[in-house]
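Here is what each chain is made of, one letter per residue.
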Amino acid sequence: MKEGTSDPRNNGSGNSAVDLDSVNAAYSRWAPFYDAVFTGPLYFGRRAAVREANHIGGTVLEVGVGTGLSLPDYREDVQVTGIDLSRDMLARAEERVRRKKLSNVAALRAMDAADMDFPDGAFDVAAVMYVMTVVPDPAAVFRELERIVRPGGKVIVVNHFAAKHGIRAWGERRLARWGKYLGWDPAFPRERLLAATRMKCVSDVSLPPFGLFSMLVFERS
Ligand SMILES: C[S@@+](CC[C@H](N)C(=O)[O-])C[C@H]1O[C@@H](n2cnc3c(N)ncnc32)[C@H](O)[C@@H]1O
């Protein structure tokens, strides 16, 4: 795991608004308040992604599992593994698993999504909710996702993408200056995500509230 290292991969194709150290520090700060602030606003995307993963079934890798807000919603016969860069976020996910006695959670591990310690084709599906605008190099994360999902498996991505025009676009560009402190890039363009993988996007739906978020499903060939 590349925890605590500065990130050498921030180049033109990467996400210069964030780096691994700043993300780790930001989520250490967020961890105690994360559920209070983000349970509601990010609820619909989590629900949509977990429904999709439940529909596929089998083994699920949740990347950037955070405090584990989605974990109780997986079907009992779906085996879930979660990874996260932040040990402070993971500690809360572990506590949730204990408290709710979630026997289908196989493991929670500290790991960088761009450098995963799983064999090729280990999972039927990967669910990546609100993470792709948080990583310094989305293409590197996609390469790993494509590797660890079996042929024919799916990668479900839920994210906010930058507005192209209007007051929202203006606000997001201003907020992006604080990306390193916030721990994500509020002005991340959808096109950058689509350009970061060769996997085919088989579904693209916008989600509430107000279509602020999207769920994209990619299929590994
Ligand atoms: C906005 S939170 C989303 C958490 C969770 N998916 C949810 O729906 O509430 C982003 C999460 O991604 C994690 N993360 C950021 N960069 C990561 C990386 N390179 N590898 C693994 N996890 C990462 C953060 O620590 C944080 O827990």
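Source: prediction; values computed, not measured.

### Observations concerning the overall build of the protein chain
Reasoning step 1: Scanning the protein chain for helices and strands turns up eight helices and seven strands.
Reasoning step 2: Relative to the globule expectation of 17 Å for 221 residues, the C-alpha radius of gyration of the protein chain, 16 Å, shows essentially globular dimensions.
Reasoning step 3: Long-range contacts, defined as pairs at least 24 residues apart, comprise 69% of the intrachain contacts of the protein chain with a sequence gap of at least 6.
Reasoning step 4: About 10300 Å² of surface is accessible on the protein chain, with carbon and sulfur atoms providing 54% of the total.
Reasoning step 5: In the protein chain, 30 side chains carry a positive charge and 27 a negative one; their mean positions are 4 Å apart.

### Description of the pattern of salt bridges
Reasoning step 1: In total, this model carries twelve salt bridges according to the counting rule given.
Reasoning step 2: Between Asp77 and Arg75 there is a salt bridge, and its shortest N-O distance comes to 2.8 Å.
Reasoning step 3: Its salt-bridge partner being Arg150, residue Asp124 comes within 2.6 Å of it at the nearest N-O pair. Linking Asp124 in strand β4 (residues 123-129) with Arg150 in strand β5 (residues 149-160), this pair joins segments that are 26 residues apart in sequence.
Reasoning step 4: Note on Arg150: relative accessible area 31%, which makes it partly exposed.
Reasoning step 5: Through salt bridges with shared partners, one network takes in Glu95, Arg98 and Arg99.

### Some thoughts on the site of the ligand
Reasoning step 1: Close to the ligand lie 20 residues, the nearest being Tyr34, Gly64, Asp84, Asp112 and Ala113.
Reasoning step 2: Measuring from an oxygen atom of the ligand, one finds a side-chain N or O atom of Tyr34 at 2.7 Å.
Reasoning step 3: Here Met129 contributes a backbone N or O atom positioned 2.9 Å from a nitrogen atom of the ligand.
Reasoning step 4: In isolation the ligand has 600 Å² of accessible area, and contact with the protein removes 98% of it.
Reasoning step 5: If you tally residues by element for the shell around the ligand, the top one is helix α1 (residues 20-30), at three residues.

### A short note on the nonpolar core
Reasoning step 1: Grouped together as the largest cluster of nonpolar side chains are 41 residues, with contacts concentrated most on Tyr27, Tyr34, Leu71, Tyr74, Leu108 and Met129.
Reasoning step 2: When residues of this core are traced back to their parent elements, those giving at least two are α1, α2 (34-38), α3 (43-56), α4 (87-100), β3 (105-110), β4, β5 and β7 (213-219).
Reasoning step 3: Here this core gets five residues from one element, more than from any other, and that element is α1.
Reasoning step 4: Among all residues touching Tyr27, those that are not within four sequence positions of it are Tyr34, Ser86, Met89, Val134, Gly183 and Trp184.
Reasoning step 5: Grouped together as the second largest cluster of nonpolar side chains are 30 residues, Phe123, Ala126, Ala139 and Ala140 included.

### Looking at the pairing of strand β2 (residues 79-84)
Reasoning step 1: Most of β2 sits inside the fold, with five of its six residues counted as buried.
Reasoning step 2: As paired elements, strand β1 (residues 59-63) and β2 share five bridges and run parallel to each other. Note that in β2 the partner of Glu62 across the bridge is Gly82.
Reasoning step 3: This β-α-β element, β2 to α4 to β3, shows right-handed connectivity.

### Some details on α4
Reasoning step 1: With 14 residues, α4 should cover 20 Å at 1.5 Å per step; its first-to-last C-alpha distance of 20 Å lies within 8% of that length.
Reasoning step 2: Of all the positions in α4, only Met89, Leu90, Ala93, Arg96 and Val97 are classed as buried. The arc that holds every buried residue of α4, seen down its axis, measures 115 degrees, which confines them to one face. Looking at α4, the residues exposed on the side facing more than 90 degrees away from the buried face are Arg87 and Arg98.

### A short note on the sheet that holds β3
Reasoning step 1: Here seven strands make up an open sheet; going across it, the order is β3-β2-β1-β4-β5-β7-β6 and the pairing mixed. Because the sheet does not close on itself, it has two edges, and the strands there are β3 and β6 (200-207). Strand-to-strand, the axes of this sheet are offset by a mean angle of 15 degrees, without reference to chain direction.
Reasoning step 2: Alignment of β5 against β7, held across seven bridges, turns out to be antiparallel. Bridging across to β7, Val158 finds its partner in Met215.
Reasoning step 3: The sheet strands contacting α4 are β2 and β3, and the helix crosses β3 at an angle near 160 degrees.

Rules and cut-offs
- Residues numbered from 1 in each chain as written.
- Predicted model: local features only at pLDDT ≥ 70, side-chain atom pairs only at ≥ 80, totals over all residues.
- Heavy atoms only, no water.
- Helix = DSSP H or I, 4+ residues; strand = E, 2+ residues; numbered from the N terminus.
- Rg over C-alpha atoms; globule rule 2.2 N^0.38 Å.
- Contact = heavy atoms within 4.5 Å.
- Areas by Shrake-Rupley, 256 points an atom, 1.4 Å probe, with all protein chains shown as cover.
- Lys, Arg positive; Asp, Glu negative; His and termini not counted.
- Charge placed at Lys NZ, Arg CZ, Asp CG, Glu CD.
- Salt bridge = Lys/Arg side-chain N within 4 Å of Asp/Glu carboxyl O.
- Buried < 20%, exposed > 50% of the residue type's maximum accessible area, 1.4 Å probe, protein only.
- Near = heavy atom within 4 Å.
- Polar contact = N/O pair within 3.5 Å; in protein donor to acceptor, adjacent residues only side chain to side chain.
- Core = buried A, V, L, I, M, F, W, Y, C linked by side-chain atoms within 4.5 Å.
- Pairing = 2+ DSSP bridges.
- Right-handed = clockwise from strand over helix to strand, strands pointing away.
- Expected span 1.5 Å × (residues − 1).
- Arc of directions from axis to C-beta.
- Axes fitted to C-alpha atoms, helices over the stretch in contact; angles between N-to-C directions.

None of this, on its own, says anything about what the molecule does.
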